[in-house]
Amino acid sequence: ERFGEVTELRYCGLGWDDTEAVLLAEVLASGAAPRLKTLYLDGNSIGDGYRALAAALCNAPSLQNLHVDIEHHELAAVCSSRSIQLR
């Protein structure tokens, strides 16, 4: 219930890999964070997990800023189409 109220999530430098990224994508895809504006994922070891995140972003309607370490083609395309600042 409270998760739905958050506007910023900081998951930077946690040593996350694709497993955690996919789990986060599942949460976002469920629509559980409709007010999320900024998501920090930099400082992790996410690779193909960005594909799952890209697919889930359509269920994060308020997202404006996404902080990551690498530029993933699919993620960049989704962010560009939704005017999400990819940093």
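Above this note sits the structure.
Residues numbered from 1 in each chain as written. Predicted model: local features only at pLDDT ≥ 70, side-chain atom pairs only at ≥ 80, totals over all residues. Heavy atoms only, no water.

Section: the packing of aromatic side chains
Working step 1: Counted according to the given criterion, the structure contains one aromatic pair.
Working step 2: Taking NZ or CZ as reference, Arg 10 lies 4.1 Å from the ring centre of Tyr 40, over its face. (Phe/Tyr/Trp six-rings, centres within 6.5 Å; stacked < 30°, edge-to-face > 60°. Lys NZ or Arg CZ within 6 Å of the ring centre and 35° of its normal.)

Some thoughts on the nonpolar core
Across soluble globular proteins, nonpolar side chains have a tendency to be buried as a group.
Working step 1: Counting residues in hydrophobic clusters, the biggest one holds 23 residues, and the most contacted among them are Leu 28, Leu 39, Leu 41, Leu 53, Leu 66 and Leu 75.
Working step 2: Contributing elements (two or more residues each) for this core: helix 1 (18–29), helix 2 (49–56) and helix 3 (73–82).
Working step 3: Residues in contact with Leu 28, not counting those within four places in the same chain, are Ala 33, Leu 36, Leu 39, Leu 53, Ala 56 and Asn 59. (Core = buried A, V, L, I, M, F, W, Y, C linked by side-chain atoms within 4.5 Å. Buried < 20%, exposed > 50% of the residue type's maximum accessible area, 1.4 Å probe, protein only. Helix = DSSP H or I, 4+ residues; strand = E, 2+ residues; numbered from the N terminus. Contact = heavy atoms within 4.5 Å.)

Details of the sheet that holds strand 1 (residues 8–10)
Working step 1: Strand order in the open sheet formed by four strands is 1-2-3-4, and the pairing between neighbours is parallel. The sheet is open, and its two edges are formed by strand 1 and strand 4 (85–86), each paired on a single side.
Working step 2: Where strand 1 meets strand 2 (residues 38–40), three bridges bridge the pair, whose relative direction is parallel. Paired with Arg 10 across the strands is Tyr 40, a residue of strand 2. (Pairing = 2+ DSSP bridges.)

Quick word on the pattern of salt bridges
Working step 1: Within the structure shown, the criterion is met by three salt bridges.
Working step 2: One salt bridge connects Arg 10 with Glu 8, and the closest N-O pair in it is separated by 2.8 Å.
Working step 3: A cluster of three or more residues bridged by salt bridges with shared partners is formed by Asp 48, Arg 51 and Glu 74. (Salt bridge = Lys/Arg side-chain N within 4 Å of Asp/Glu carboxyl O.)

Here we look at the side chain of Asn 65
Working step 1: Summarising the element assignment, Asn 65 is placed in strand 3 (residues 65–67).
Working step 2: With relative accessibility at 15%, the residue Asn 65 sits in the buried group.
Working step 3: A polar contact of 3.5 Å, which involves the side chain of Asn 65, links it to the side chain of Thr 38. (Polar contact = N/O pair within 3.5 Å; in protein donor to acceptor, adjacent residues only side chain to side chain.)

What about the environment of Glu 20?
Working step 1: Tracing the backbone shows Glu 20 in helix 1.
Working step 2: Considered as a pair, Glu 20 and His 73 are 53 residues apart in the sequence and their alpha carbons are 20 Å apart.

Examining the packing of helix 1 against helix 2
For any two helices packed against each other, the geometry is given by the interaxial angle and the distance between the axes.
Working step 1: For the pair helix 1 and helix 2, the least separation of the axes is 8 Å and the interaxial angle reads 10°. What the angle tells us is that helix 1 and helix 2 run roughly parallel. Facing Asp 18, Ala 21, Val 22, Leu 24, Ala 25, Leu 28 and Ala 29 of helix 1, the residues of helix 2 in contact are Gly 49, Ala 52, Leu 53 and Ala 56.
Working step 2: Among the residues forming the contact of helix 1 with helix 2, the class breakdown is nine nonpolar, one polar and one charged. (Axes fitted to C-alpha atoms, helices over the stretch in contact; angles between N-to-C directions. Parallel < 35°, antiparallel > 145°, perpendicular 65-115°, else oblique. Nonpolar A, V, L, I, M, F, W, Y, C, P; charged D, E, K, R; others polar.)

Purely geometric stuff here, so don't read any function into it on its own.
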